Amino acid sequence: MINFNLRSLLIPRKMTIRELADISGVGYWSLVHMSQLRYKSIKFQDVQKICDALDITPNELFGYKERVTQ
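Residues numbered from 1 in each chain as written. Predicted model: local features only at pLDDT ≥ 70, side-chain atom pairs only at ≥ 80, totals over all residues. Heavy atoms only, no water.

Quick look at the environment of C51 now. Position of C51 among the secondary structure elements: in helix 4 (residues 44-54). If we skip the residues at most four places from it in the chain, C51 touches I56, T57, P58 and L61. (Helix = DSSP H or I, 4+ residues; strand = E, 2+ residues; numbered from the N terminus. Contact = heavy atoms within 4.5 Å.)

So, in structure tokens, the structure goes:
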């Protein structure tokens, strides 16, 4: 399962989604939906803007956790 670590990256920076929207140029509601995992797709351009604004790599923004099958 792919994780989108946006909220956990904002907390130590004491940054809100609104502030990230202003800094990155990605729309506020787009970021809200991304952070709530409501998006089915994310533009590479938006990923780049978020990474640039937070000074991180896409590896830090996304994570991967294997599903446990029973």
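What follows is about helix 3 (residues 28-35). The set of residues buried in helix 3 consists of L31, V32, M34 and S35. Down the axis, helix 3 shows its buried residues gathered within 165 degrees of arc, on one side only. Packed against the buried residues of helix 3 are strand 1 (2-4), helix 1 (6-10), helix 2 (17-24) and helix 4. Count one or two residues on from helix 3 and you reach L37, which has phi positive near 55 degrees. (Buried < 20%, exposed > 50% of the residue type's maximum accessible area, 1.4 Å probe, protein only. Arc of directions from axis to C-beta.)

In this section: the nonpolar core. One finds L6, L10, L20, L31, I50, L54 and L61 to be the most contacted residues of the largest nonpolar core, which totals 18 residues. Of all the elements in the fold, those that place two or more residues in this core are helix 1, helix 2, helix 3 and helix 4. The biggest single contributor to this core is helix 4, with four residues. Sequence-distant contacts of L6, that is, excluding residues within four places in its chain, are made with L20, L31, S35, I50, L54 and L61. (Core = buried A, V, L, I, M, F, W, Y, C linked by side-chain atoms within 4.5 Å.)

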